[in-house]
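# Architecture at a glance
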Amino acid sequence: MEVIKELPEVFEEFAEQRKNSFLAVKQLKDQGIPVVGSYCTYFPQEIAMAMGAATVSLCSTSDETIAEAEKDLPKNLCPLIKSSYGFAKTDKCPFFYFSDVVVGETTCDGKKKMYELMSEFKDTFVMELPNSQSENSLKLWKKEIIRFKEYLEKKFDVEITEEQIREAVKVNNEARRSLKKLYEVMRHDPAPISGYDLFKVLYGSTFKFDRKQIPDEVNALVDKIEKEYAEGKMQEKKPRILITGCPIGGATEKVIRAVEDNGGIVVTYENCSGAKSIDKLVDENNPDVYDAIARRYLNIGCSVMTPNPNRFELLGRLIDEYQVDGVVEMTLQACHTYNVETLSVRRFVNEEKHIPYINVETDYSQADIGQLNTRITAFIEML
């Protein structure tokens, strides 16, 4: 007989997924399955999946290895880059250790230069990501996706067929649909679950190596949430917060806790671990599969893009659909593109959407938790 798990248990399982995958990645290697590591939402996952590789997000969200990274990198660099490099250099990230290749991308200057250093001790393939979303940029990005495919074919001595790529597109689209269905439960007011529990599933699902498992697990979870909501199980009515900005996870989960421990509820995330990475699907009807993949990934609205209309289109949609009362933007110290873009985001939220906005700049230490709590409490009380 199948054991019916309570919602808190399911959320905790997803929260532990990253840790549990440390052992799973070794088992994959023992079975001879290639592992491809990445750091970014722009990574075209379907190409690696098409050759039967497992894909994984590499460690980059803790200050544990930053001191070691600073022996090679400048101290006034973004903590995400220092953490990524520190985990790689010290071999403290099992995912990095077991990756056959790390796929980088030219998102920002710090990352580009970090990949140069990383390539001295790990096979690193860097994709040239354009910094605009024009037709010329699309042509370049499509070429880069094909170059990546050819690199994998040569490195692993395999042939990656168009049929395999299309199958990977279908699998990944199904996973995205289910995760989108999950975060859409937060349209309910009051919200059915906490924003932190939502985050655990969104973040944890990125460490599931078999993407085919995601839809069934997540759809069952959505059904359970909706059933309990219909029975009257829900959160208290609280100010509804959207979190935007730099990638959230690990150390920066302190921002989610600061909102939810001080009277608010996070109903949606625009960040990389939220709507940004799930919102758009690859067009399965496009006769040119490389064009379809290129369009889907290039259209992601990240602050490295200039101009960056797609970020504001998504932000506007989320604010309206989730009845957002206030926007909290989390930026990392020395993340220049996101920090510069805060002015545009503030103007958009205040002047076009007519709701309050706050920016909190932070790093991976826990030293500013008191200050974060004070500022966010004051912001929520104002709503």
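Please refer to the structure higher up on the page.
Keep in mind the model is a prediction, meaning the values are calculated, not measured. (Residues numbered from 1 in each chain as written. Predicted model: local features only at pLDDT ≥ 70, side-chain atom pairs only at ≥ 80, totals over all residues. Heavy atoms only, no water.)

## Points about the overall build of the protein
Broken down by element type, the protein carries 16 helices and eight strands. Relative to the globule expectation of 21 Å for 383 residues, the C-alpha radius of gyration of the protein, 20 Å, shows essentially globular dimensions. The principal-axis extents of the C-alpha atoms in the protein amount to approximately 60 × 55 × 40 Å. The 383 residues of the protein split such that 55% are buried. Sequence-distant contacts, at least 24 apart, represent 75% of the contacts inside the protein between residues at least 6 apart. Accessible surface, the protein as shown: approximately 16500 Å² in total, 49% of it carbon and sulfur. Positive and negative side-chain charges of the protein, numbering 50 and 63 respectively, have mean locations separated by a distance of 2 Å. (Helix = DSSP H or I, 4+ residues; strand = E, 2+ residues; numbered from the N terminus. Rg over C-alpha atoms; globule rule 2.2 N^0.38 Å. Buried < 20%, exposed > 50% of the residue type's maximum accessible area, 1.4 Å probe, protein only. Contact = heavy atoms within 4.5 Å. Areas by Shrake-Rupley, 256 points an atom, 1.4 Å probe, with all protein chains shown as cover. Lys, Arg positive; Asp, Glu negative; His and termini not counted. Charge placed at Lys NZ, Arg CZ, Asp CG, Glu CD.)

## A short note on the packing of aromatic side chains
One pass over the structure, following the stated rule, counts 15 aromatic pairs. Taking the centre distance of 6.4 Å and the plane angle of 45° together, the rings of Tyr183 and Tyr322 count as tilted. A residue pair is termed long-range when its members are at least 10 positions apart, and Tyr183 in helix H9 (residues 162–183) and Tyr322 in the loop between helix H14 (309–321) and strand E7 (326–332) qualify at 139 residues. Of the two residues, Tyr183 and Tyr322, neither departs from the other in class, the shared state being buried. Here the aromatic residues Phe22, Phe95, Phe199, Tyr203, Phe207, Phe209 and Tyr269 are joined through ring pairs into a cluster of three or more. Over the ring of Phe96 we find Lys122; its NZ or CZ atom is 5.0 Å from the centre of that ring. Lying across the ring of Phe156, Lys155 places its NZ or CZ 5.6 Å from the centre. (Phe/Tyr/Trp six-rings, centres within 6.5 Å; stacked < 30°, edge-to-face > 60°. Lys NZ or Arg CZ within 6 Å of the ring centre and 35° of its normal.)

## Describing the sheet that holds strand E3 (residues 101–105)
Pairing is parallel across the open sheet formed by four strands, whose spatial order is E2-E1-E3-E4. In this open sheet, the two edge strands, each paired with only one partner strand, are strand E2 (54–57) and strand E4 (124–127). Direction aside, neighbouring strands of the sheet carry axes that sit 25° apart on average. Pairing between strand E1 (residues 35–38) and E2: four bridges, direction parallel. Of the residues in E2, the one forming a bridge with Ser38 is Ser57. Packed on one face of the sheet, helix H7 (residues 109–118) meets E3 and E4 and runs near 155° to E3. In this fold helix H8 (residues 135–156) packs onto E3 and E4, with an angle of close to 165° to the strand it touches most, E4. (Pairing = 2+ DSSP bridges. Axes fitted to C-alpha atoms, helices over the stretch in contact; angles between N-to-C directions.)

## Considerations on helix H2 (residues 17–30)
Look at H2: 20 Å from first C-alpha to last across 14 residues, which is about the 20 Å you get at 1.5 Å a residue. The largest bend in H2 is about 30°, located at Leu23. Among all positions in H2, only Gln17, Ser21, Val25 and Leu28 are buried. Looking at the buried side of H2, the elements it contacts are helix H1 (7–15), E1, E2, helix H6 (94–98) and helix H10 (195–204). (Expected span 1.5 Å × (residues − 1). Bend = angle between axes of the 7 residues up to and from the residue.)

## Focus on the state of the cysteines
Disulfides are covalent bonds that link the sulfur atoms of two cysteine residues. Enumeration over the complete set of coordinates arrives at one disulfide. We note that Cys40 lacks a disulfide partner, and the nearest cysteine sulfur, in Cys272, lies 6.4 Å from it. (Disulfide = S-S within 2.5 Å.)

## Regarding the environment of Phe98
Note on placement: Phe98 falls in helix H6. Residues Phe98 and Pro34, spaced 64 residues apart in sequence, show a C-alpha to C-alpha distance of 8.9 Å. The residues touching Phe98, leaving out its near neighbours within four places in the chain, are Val25, Lys26, Lys29 and Val35.

## Some details on the packing of H14 against helix H15 (residues 336–352)
At a minimum axis distance of 12 Å, the contact between H14 and H15 shows a crossing angle of 45°. Judged on the interaxial angle alone, H15 and H14 are oblique. Read as a crossing pair, H14 and H15 show a hand that is right-handed. Contacts from Arg311, Phe312, Leu315, Gly316 and Ile319 of H14 reach H15 at Tyr338, Glu341, Ser344, Val345, Phe348 and Val349. Within the contact of H14 with H15, the residues separate by chemical class into seven nonpolar, two polar and two charged. (Parallel < 35°, antiparallel > 145°, perpendicular 65-115°, else oblique. Left-handed = near helix turned anticlockwise from the far one by under 90°. Nonpolar A, V, L, I, M, F, W, Y, C, P; charged D, E, K, R; others polar.)

## A word on the pattern of salt bridges
All told, the structure shown has 41 salt bridges when counted by the stated rule. Among the salt bridges present, the one from Lys5 reaches Glu13, with a minimum N-O distance of 2.5 Å. For Lys5, a relative accessible area of 34% translates into the label partly exposed. Judged by its relative accessible area of 40%, Glu13 is partly exposed. Residue Lys280 pairs with Asp279 through a salt bridge whose shortest N-O separation is 3.9 Å. On the basis of relative accessibility, which here comes to 26%, the residue Lys280 falls in the partly exposed class. Its relative accessible area of 12% is what places Asp279 among the buried residues. One continuous salt-bridge network, built from bridges that share partners, spans Lys180, Asp279, Lys280, Glu313 and Arg317. (Salt bridge = Lys/Arg side-chain N within 4 Å of Asp/Glu carboxyl O.)

## Observations regarding empty space enclosed by the protein
Per the counting criterion, the structure on display carries one cavity of 30 Å³ or more. Counted as a void, the largest cavity has a volume near 70 Å³. Lining the largest cavity are Glu270, Lys276, Asp279, Lys280, Asn299, Ile300, Gly301, Asn310, Arg311 and Leu314. (1 Å grid on protein atoms, 1.4 Å probe; cavity = no way out; pocket = protein on both sides within 12 Å on 5 of 7 lines; lining within 4 Å. Points joined across faces, edges and corners; volume = space filled by probe spheres on them.)

So, to be careful, I would describe these as geometric facts and stop short of saying anything about function.
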